[in-house]
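Here are the chains, one letter per residue:
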Amino acid sequence: MKIAGIGIVVVGGASGLGLATAQLLREIGANVGVMDLEASASWDGPFVQADVTLEQEVASGFALLVQEIGPLRAVVNTAGIGSAALSVGTGASLEVAQFRRVLEVNALGTFIVAREAAEQMLQVGPDEDGERGVLVHTSSIVSLEGQVGTTAYAAGKGAINAMTLPLARELARFGIRVMTIAPGIFETRMFNRAPPPMLEWLHGQVQYPYRPGYPREYAAMARHIIENPMLNGDTLRLDGAYRVGPGSADHYETHA
């Protein structure tokens, strides 16, 4: 899909991976709107406030944004919350309510965004290649190799991986593609909130380049997915050959 001139919404685009994506897509000619829980001074384009777990807020948000950016052709959803806590034993702090909230935002929120975005795309005719739109979700390599303490986060992100192919198959008849990016460790506010012992351990695991990813590198992947029509129904790792080890309960017990 050609990006120049099309309407794109970045959900969670007020900061981090989403902000970098919104900025890059706007730089290359897209009409970009941002949907997020809170506004940010870093984004000066079209914006609506919405909680991704609330269906009506998301639906209304898309309806308002398309009035400014034009027909919706692509959505990149980076909205999500983290969780790092032990479930049982010394230092355990993962409550059922926290587990439920992580699933609501990461899994249910992704489904709500996908469904409401697809409904908008159905109102738009296909382009010259027969394509109506692209949905890009954000998972994590933790969903594939979760370390100690990431039970809730891995479950929420794993659900995104699991829904990618069935959604792609369902929406294929409309010319709508569905893809998921599974980043490794990236320099974001969420990542840097992890316990210091875990952060030190994580930084030492990236093979090359010898650093966490930059948000703009995630944005470049989102751009490529939008532009490449053969990318559909799959989850792509973006991790510098990083493989998550088992971790240790000590990361939490010593920081409790």
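A few points on the structure. (Residues numbered from 1 in each chain as written. Predicted model: local features only at pLDDT ≥ 70, side-chain atom pairs only at ≥ 80, totals over all residues. Heavy atoms only, no water.)

## Some points on the layout of surface pockets
Stated precisely, the cut-off is as follows: Grid spacing is 1 Å over the protein atoms alone, the probe is 1.4 Å, and a cavity is where that probe fits but cannot get out, while a pocket is an open set with protein on both sides within 12 Å along at least five of seven lines and lining residues have an atom within 4 Å of a point. Grid points are joined across faces, edges and corners, and a volume is the space filled by probe spheres set on the points. By the criteria applied, helices consist of DSSP H or I runs no shorter than four residues and strands consist of E runs no shorter than two, each listed in order from the N terminus.
Empty space within the second largest pocket amounts to approximately 180 Å³. Looking at the second largest pocket, it is lined by 13 residues, and the ones nearest its centre are Arg115, Ala118, Glu119, Glu170 and Leu171. Taken together, the elements giving at least two residues each to the lining of the second largest pocket come down to α3 (96–121) and α4 (151–171). It is α3 that contributes the most residues to the lining of the second largest pocket, 5 residues altogether.

## Concerning the sheet that holds strand β3 (residues 47–49)
Going by this rule: Each pair of strands is called paired provided DSSP finds at least two bridges between the two strands. The axes used here are C-alpha line fits, helices contributing only the stretch in contact, and every angle between their N-to-C directions lies in the interval 0 to 180 degrees. The contact criterion used is simple: two residues touch if any of their non-hydrogen atoms lie within 4.5 Å.
With parallel pairing, the 7 strands of this open sheet are ordered in space as β3-β2-β1-β4-β5-β6-β7. If you trace the sheet from one side to the other, it starts and ends with β3 and β7 (234–238), each paired once. Each strand of the sheet is rotated relative to its neighbour by a mean of 20°, with strand direction disregarded. The sheet contact formed by strand β1 (residues 7–11) and strand β2 (residues 31–36) spans 5 bridges and is parallel. What sits directly across from Val11, in β2, is Met35. Packed onto the sheet, α3 meets β1, β4 (72–77), β5 (133–138) and β6 (176–183) and runs at close to 170° relative to β4.

## Considerations on the packing of aromatic side chains
Cut-off, in case you're wondering: Paired rings are identified among Phe, Tyr and Trp, the last through its six-membered ring, by centres lying within 6.5 Å, and are further divided according to the angle between planes into stacked (under 30 degrees), edge-to-face (over 60) and tilted (the rest). Cation placement over rings: the criterion is NZ of Lys or CZ of Arg within 6 Å of the ring centroid and within 35° of the ring normal.
For the coordinates displayed, the defined rule picks out 1 aromatic pair. Its end group placed over the ring of Tyr214, Arg211 keeps NZ or CZ at 3.8 Å from the ring centre.

## Section: the side chain of Asp127
To keep things clear, this is the line we draw: Under the scheme applied here, a residue whose accessible area is under 20% of the maximum for its type counts as buried, over 50% as exposed, and between as partly exposed, the area being computed with a 1.4 Å probe on protein chains only. Neither His nor the chain termini are counted; the positive set is Lys and Arg, and the negative set is Asp and Glu. For this analysis, a salt bridge means a side-chain nitrogen from Lys or Arg found within 4 Å of a carboxyl oxygen belonging to Asp or Glu. Residues adjacent in sequence count toward polar contacts only when both atoms are side-chain atoms; beyond that, a polar contact is any pair of N or O atoms within 3.5 Å, and within protein one must be able to donate a hydrogen and the other to accept it.
With respect to the element layout, Asp127 can be found in the loop between α3 and β5. Buried within the structure, Asp127 lacks any salt-bridge partner; Arg73 is the closest side chain of opposite charge, at an N-O distance of 5.5 Å. A polar contact is formed between the side chain of Asp127 and the backbone nitrogen of Asp129, at a distance of 2.8 Å. Of the polar contacts made by the side chain of Asp127, one reaches the backbone nitrogen of Glu131; its length is 2.9 Å. Setting aside residues no more than four positions away along its own chain, Asp127 makes contact with Met1 and Arg73.

## Description of unusual backbone geometry
Cis geometry marks the peptide bond from Tyr208 to Pro209, where omega comes out at 0°. Relative to the elements of secondary structure, Pro209 occurs in the loop between α5 (196–203) and α6 (215–227). With phi around 65°, Ala241 is a residue other than glycine that occupies positive phi space. Here Ala241 lies in the loop between β7 and α7 (250–253).

## Topic: the environment of Val32
As for its position among the elements, Val32 is in strand β2. In this structure, the C-alpha to C-alpha distance between Val32 and Pro126, residues 94 residues apart in sequence, is 19 Å. The contacts of Val32, once residues within four sequence positions are left out, are Ile8, Val10, Ala22, Leu25, Arg26, Trp43, Pro46 and Ile69.

## Re the pairing of β2
Quick reminder of the rule: Crossover handedness is defined by viewing with both strands directed away from the observer: a clockwise path from the first strand over the helix to the second marks the crossover as right-handed.
The buried count for β2 comes to 5 of 6 residues, which makes it a mostly enclosed element. As for the winding sense of the linkage, the β-α-β connection from β1 through helix α1 (residues 16–27) to β2 is right-handed. Both β2 and β3 contribute to a ladder of 3 bridges, which runs parallel. For Met35, the partnering residue across the bridge sits in β3 and is Val48.

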